[in-house]
Amino acid sequence: METFSIIFAIFLGGAVLTYFAGKLSSVVQDILFLATVLVPTYLFFSGVSIGSSMPFSLEGISLLWGVNHFGWLFSLIVLGLGSLAAVYSVGYMKGKERRGYFYLNFVLSVMSMLGIVISQDLISFFIFWEIMTWSSYLMVIYSGNDVQRIGIKYFVFSAIGAYAMLMAIVIVHSVTHTFFIEDMIQAYGQMSLQLQIWIPILFLLAFAVKAAMMPLHVWAPGAYSNAPMAYTSLFSGALSKMGVYGMVIILVTMVNRLPQGILFREVLAWLGGITAAMGTLWAIKQDDAKKLLAYSSVAQLGYIIVGVSIGTELAMMAGLFLAVMHALFKGTLFMVVGAIEKQTGTTNFTEVTGLIRKMPWTFFAALMGIIALAGIPPLGGFIGKWMLYESLITSDHYLLVILIFFSSTAAFLYCYKFLFGFFLGQEEKEWAHVKEAPATMVVPMVLMGIFMVVLGTFPGIVLNPINNGLMDLGYVDSYKHLWETSIIFNSWGDHVILQPILYSIMGIFIFFLIFVLWKGYKGTRYVTTKDISSSGEVPKEDENLTFSVGFMQPFMRAVAPVMRRQMDKYYTGFANGLEGLFDFVRRIYTGNAQTYAVYVVVFIVIVLLFKDVLF
């Protein structure tokens, strides 16, 4: 299909042109960048129909690109979030250096993720996967900070995942003599039991790395917090979903057909639950918003992994619905942090606070994102978590639902920390100059905030595509019968029965609006956060009365035993051991010919002494 070729030609050509356009004009560079992302997005959704495909060959190898319902769902995440993040990036990158470098890798990331979800063969899938990994790696080291610690860690774990995937592809081709994913799925049932176990393990290892599942998550906090915030919204919101995309395919088409499939799913589900709980605890501990959201992303991905691993209709629906919601609210929150960083120069809660009057639109976006993340009605995060709880209870996973509920409840602490720390705290004179972020940054955040509200009331907008995608993978049509099992849906999930709550919230806002107008808004006196008293004491100008650094300490002391053992320490110890081994090997291979001659003589002597045993 020619549209595929045109789309990827625009992506590649536009990325290169955008890289060099900065030498001519920054305005031209911005326009080219936006066109390179937005035009292919328009062409894809207007010119590519579900079910279309494009077979072709490369060096005699038959390849296939195509779009099914399941791939279309994830392309919506990639291109939808990618387009909004691109608009945001124009404002965020204004005045920054190496814009061409940023734009090039941003476009390559969007292109490669779209390539992954349309690849119907393993070669194309692997090539696009590697492009995605390299472009995201270059974004992680964009700032030049902690390249050895953060960049190399991300690269090493990505390489482990890539080699695992490559091994699986080689094994599949040696058995099936084809690279088509559909052929692999069909031939899977005729493979030996040993291969039926190892192939899913290798694929799941690769996908679990990108989904930041514990214990393979250690790269994520540093990578998410070190990349530019304009990219991290895409990094966390969309790129992590490529791991979820692959996990769902392997779980449904392979693991579900194994006699040991239940054990596979249970292990993954519990690893997802542990990921959610531990990610939440580490998020609470952070005072920097970038690191807080990084650990929060790991935790939220844990919920998704739990849903798709349990694998019932409702659980899978919950996991995929949360995947869409995670792209929205986490993309929004990373944009919020980027806006604050651009306007204030910091992302630390202990340094900047009281921004609600300075950045009201950014506050609105943050509020919507936090409400959705916390799972509070009437936003879409509530729908996803409620479905997940129901699916765990109806599938008899009572201990797991307790773990997930603990994680979700504890998440309120860092949600409060984020919202109060930046916006609702004490105003300080040094931040009096702060203004709202540029419109190119505000509009994408607000749009995503509005869409979170819409999905909270009309989740069928996303549940319908999810249902169609799961049918492509072999699930039965969930139309009507599934939603009758959930107490919050109508017959098809077109809307949620939350009207009384919505009316109550609207009534409260309208009441206070009328009250303020009736009392005379213009006559009210502006009161700063310094114009207060605490226990009869009036705070001084240099005193900070925000939640302070130790606000979470009682809770952190209670959970300290759980957090003492960190996977990072084990990986570091293993790496140090390897470094010692390699150092010893370097001493053996001195580069001196006389030393090597001695090694040869010693080897011959050993062979002669033990020739009767060896031969």
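Note that this is a predicted model, so its numbers are computed, not measured.

## Regarding the side chain of Gln286
For step 1, the next point in the chain: Inspection of the secondary structure assignment puts Gln286 in the loop between helix 11 (261-285) and helix 12 (289-310).
For step 2, the next point in the chain: What Gln286 contacts, discounting residues up to four positions off in sequence, is Lys291, Leu292, Tyr295, Phe349 and Lys417.

## Quick word on the pairing of strand 1 (residues 53-58)
For step 1, the next point in the chain: Two elements, strand 1 and strand 2 (residues 61-66), share 6 bridges in a ladder whose sense is antiparallel. Following the sheet pairing, Ser53 is matched in strand 2 by Gly66.
For step 2, the next point in the chain: Linkage of strand 1 to strand 2, two consecutive antiparallel strands, is achieved through a turn of 2 residues, within which Glu59 is found at a positive phi near 55°.

## Quick look at the nonpolar core
For step 1, the next point in the chain: Of all hydrophobic cores here, the largest spans 193 residues; its most connected members are Phe74, Phe106, Phe203, Trp219, Phe235 and Phe418.
For step 2, the next point in the chain: Among the elements that make up this core, the one with the highest residue count is helix 13 (residues 313-344) (21 residues).
For step 3, the next point in the chain: Excluding residues that lie within four positions of it along the chain, Phe106 makes contacts with Phe33, Val37, Gly82, Ala85, Ala86, Ser89, Met139, Ala230, Tyr231 and Leu234.

## Looking at unusual backbone geometry
For step 1, the next point in the chain: For the bond running from Met214 to Pro215, omega is 5°, close enough to zero to count as cis.
For step 2, the next point in the chain: Looking at the element boundaries, Pro215 is found in the loop between helix 8 (193-210) and helix 9 (219-226).
For step 3, the next point in the chain: At His177, a position not held by glycine, the phi torsion is positive, near 60°.
For step 4, the next point in the chain: Structurally, the position occupied by His177 is in the loop between helix 6 (147-176) and helix 7 (181-188).
For step 5, the next point in the chain: Look at His177 and you get exposed, because its relative accessible area is 63%.
For step 6, the next point in the chain: The backbone of Ala212 shows a phi angle near 55°, a positive value even though the residue is not glycine.
For step 7, the next point in the chain: Within the element layout of this structure, Ala212 appears in the loop between helix 8 and helix 9.
For step 8, the next point in the chain: Ala212 gets classed as buried once you look at its relative accessible area, which sits at 0%.

## Brief notes about helix 7
For step 1, the next point in the chain: Residues of helix 7 that are buried include every one of Ile181, Met184, Ile185 and Tyr188, and no others. Taken end-on, helix 7 shows its buried residues confined to a sector of 95°, consistent with a single buried face.

## Some details on the packing of aromatic side chains
For step 1, the next point in the chain: Within the structure shown, the criterion is met by 41 aromatic pairs.
For step 2, the next point in the chain: Their ring planes at 85° and their centres at 5.2 Å tell us that Phe44 and Phe45 sit as a pair that is edge-to-face.
For step 3, the next point in the chain: For Phe44, a relative accessible area of 1% translates into the label buried.
For step 4, the next point in the chain: Plain terms: the ring middles of Phe74 and Tyr245 are 5.1 Å apart, the flat faces sit at 70° to each other, and that makes the pair edge-to-face. A residue pair is termed long-range when its members are at least 10 positions apart, and Phe74 in helix 3 (residues 69-92) and Tyr245 in helix 10 (residues 229-253) qualify at 171 residues.
For step 5, the next point in the chain: Phe74 gets classed as buried once you look at its relative accessible area, which sits at 1%.
For step 6, the next point in the chain: Judged by relative accessible area, Tyr245 falls into the buried class, the value being 4%.
For step 7, the next point in the chain: The positively charged end of Arg98 is found above the aromatic ring belonging to Tyr101, 4.2 Å away from the centroid.

Rules used throughout
- Residues numbered from 1 in each chain as written.
- Predicted model: local features only at pLDDT ≥ 70, side-chain atom pairs only at ≥ 80, totals over all residues.
- Heavy atoms only, no water.
- Helix = DSSP H or I, 4+ residues; strand = E, 2+ residues; numbered from the N terminus.
- Contact = heavy atoms within 4.5 Å.
- Pairing = 2+ DSSP bridges.
- Core = buried A, V, L, I, M, F, W, Y, C linked by side-chain atoms within 4.5 Å.
- Buried < 20%, exposed > 50% of the residue type's maximum accessible area, 1.4 Å probe, protein only.
- Arc of directions from axis to C-beta.
- Phe/Tyr/Trp six-rings, centres within 6.5 Å; stacked < 30°, edge-to-face > 60°.
- Lys NZ or Arg CZ within 6 Å of the ring centre and 35° of its normal.

Interpretation in functional terms is not warranted from these geometric data alone.
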